[in-house]
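Letter by letter, the chains look like this.
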Amino acid sequence: PPRLSAALFLAQKLELGRRWAQALREHPVDVVHAFSPGSAALLPRDVAVVVQAWHHPARSTLRRRLNRESAYGTGGVGARLPTPARAPVQVAAHAAYQVQTHTSDTLGYRRGDLLLTATPSAARFHAQRGRLATCIPPCVDAAAAPAPRVPGDAFRIAFCAHPLDRPWKGLRYLLEA
């Protein structure tokens, strides 16, 4: 069944971005790495912003996103939605969610000074659209512990990942470093 939070996806990302921009005015940093593209949309232009470009395939249009069920929906990747006549609420909720995630991704990618992609084809896709993009494939073998920190000049960085309760976000490694 559709979740209410899906209906507010874009509003939540933009509100997070607005609050993040306010925090950056009060506590400036050198670089921001946004794991959720939409959260970067409202960040100030005087801050360097790196955006994680998650959506794959990058060439997928909004129409294609609407015609398939995502991994975050009720089915698996590539599962088809039922027809609107069979499940009108589910189809409407899915459409609203996909429009919002597409808009969120687009706004974040436009704001990013650098996009990090998981595949070379996604990096090429964004580069062909005039965006600075580089491929950093997902980690296969993460280190058991972060490297020891060497004292020196501080480099300020902000890290935002949602939801933070997911271990693959890497927040633990960032905090331990």
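Residues numbered from 1 in each chain as written. Predicted model: local features only at pLDDT ≥ 70, side-chain atom pairs only at ≥ 80, totals over all residues. Heavy atoms only, no water.

Caption draft 1: Here's a closer look at the overall build of the protein chain. In terms of helices and strands, the protein chain carries six helices and five strands. Taken from N to C terminus, the helices and strands of the protein chain fall in the order α-α-β-β-α-α-β-α-β-β-α. Put simply, the protein chain has 177 residues, and 33% of those count as buried. Sequence-distant contacts, at least 24 apart, represent 56% of the contacts inside the protein chain between residues at least 6 apart. Here the protein chain has roughly 11300 Å² of accessible surface; of this, 60% comes from carbon and sulfur atoms. (Helix = DSSP H or I, 4+ residues; strand = E, 2+ residues; numbered from the N terminus. Buried < 20%, exposed > 50% of the residue type's maximum accessible area, 1.4 Å probe, protein only. Contact = heavy atoms within 4.5 Å. Areas by Shrake-Rupley, 256 points an atom, 1.4 Å probe, with all protein chains shown as cover.)

Caption draft 2: Region of interest: the pattern of salt bridges. Under the criterion given, the structure shown has two salt bridges. Glu15 is the partner of Arg18 in a salt bridge, and the nearest nitrogen-oxygen pair spans 2.6 Å. Here Arg18 pairs with Glu15, and both are found in helix 2 (residues 9–26), just three residues apart, close to one helical turn. Residue classification places Arg18 among the partly exposed positions, given a relative accessible area of 44%. Overall, the relative accessible area of 31% leaves Glu15 in the partly exposed class. Taking the shortest distance from any N to any O, the salt bridge between Arg111 and Asp113 comes out at 3.3 Å. (Salt bridge = Lys/Arg side-chain N within 4 Å of Asp/Glu carboxyl O.)

Caption draft 3: Broad picture of the side chain of Ser39. As for its position among the elements, Ser39 is in the loop between strand 1 (31–34) and strand 2 (48–53). Ser39 sits in the buried class, given a relative accessible area of 0%. Apart from the residues within four sequence positions on either side, Ser39 is in contact with Lys13, Leu16, Gly17, Trp20 and Ala34.

Caption draft 4: View of the environment of Arg131. Its location among the elements puts Arg131 in the loop between helix 5 (120–128) and strand 4 (133–135). Separated by 22 residues in the primary sequence, Arg131 and Tyr109 place their C-alpha atoms 8.0 Å from one another. Contact partners of Arg131, with chain neighbours within four places excluded, come to Tyr109, Arg110, Leu115 and His126. A polar contact of 3.0 Å, which involves the side chain of Arg131, links it to the side chain of His126. (Polar contact = N/O pair within 3.5 Å; in protein donor to acceptor, adjacent residues only side chain to side chain.)

Caption draft 5: Broad picture of the nonpolar core. Residues Leu24, Val32 and Leu43 are the most contacted members of the largest nonpolar core, which totals 16 residues. Those elements giving two or more residues to this core turn out to be helix 2, strand 1 and strand 2. With sequence-adjacent residues up to four places away left out, Leu24 is seen in contact with Val29, Val32, Leu43, Pro44 and Val47. (Core = buried A, V, L, I, M, F, W, Y, C linked by side-chain atoms within 4.5 Å.)

Caption draft 6: Main features of the pairing of strand 3 (residues 114–117). Summarising the sheet, strand 2 and strand 3 pair through four bridges and their orientation is parallel. Its bridge partner lying in strand 3, Val50 is registered against Leu114. Pairing between strand 3 and strand 4: three bridges, direction parallel. Each bridged residue has a counterpart across the sheet, and for Thr117 the counterpart in strand 4 is Cys135. (Pairing = 2+ DSSP bridges.)

Caption draft 7: Fine view of the confidence of the model for the protein chain. Per-residue confidence for the protein chain gives a mean pLDDT of 76; residues scoring 70 or more make up 59%. Below pLDDT 50 for its whole length, residues 69–78 participates in 17 contacts with residues either more than four positions away or in separate chains. (pLDDT = per-residue confidence, 0-100.)

Caption draft 8: Broad picture of the packing of aromatic side chains. Enumeration over the complete set of coordinates arrives at one aromatic pair. Residues Phe9 and Tyr97 carry aromatic rings whose centres are separated by 5.3 Å and whose planes lie at 75 degrees to one another, so their mutual orientation is edge-to-face. With Phe9 in helix 2 and Tyr97 in helix 4 (residues 88–111), this pair connects stretches of sequence that are 88 residues apart. Taking the relative accessible area as the measure of exposure, Phe9 reaches 16% and is therefore buried. By relative accessible area, Tyr97 is classed as buried at 18%. (Phe/Tyr/Trp six-rings, centres within 6.5 Å; stacked < 30°, edge-to-face > 60°.)

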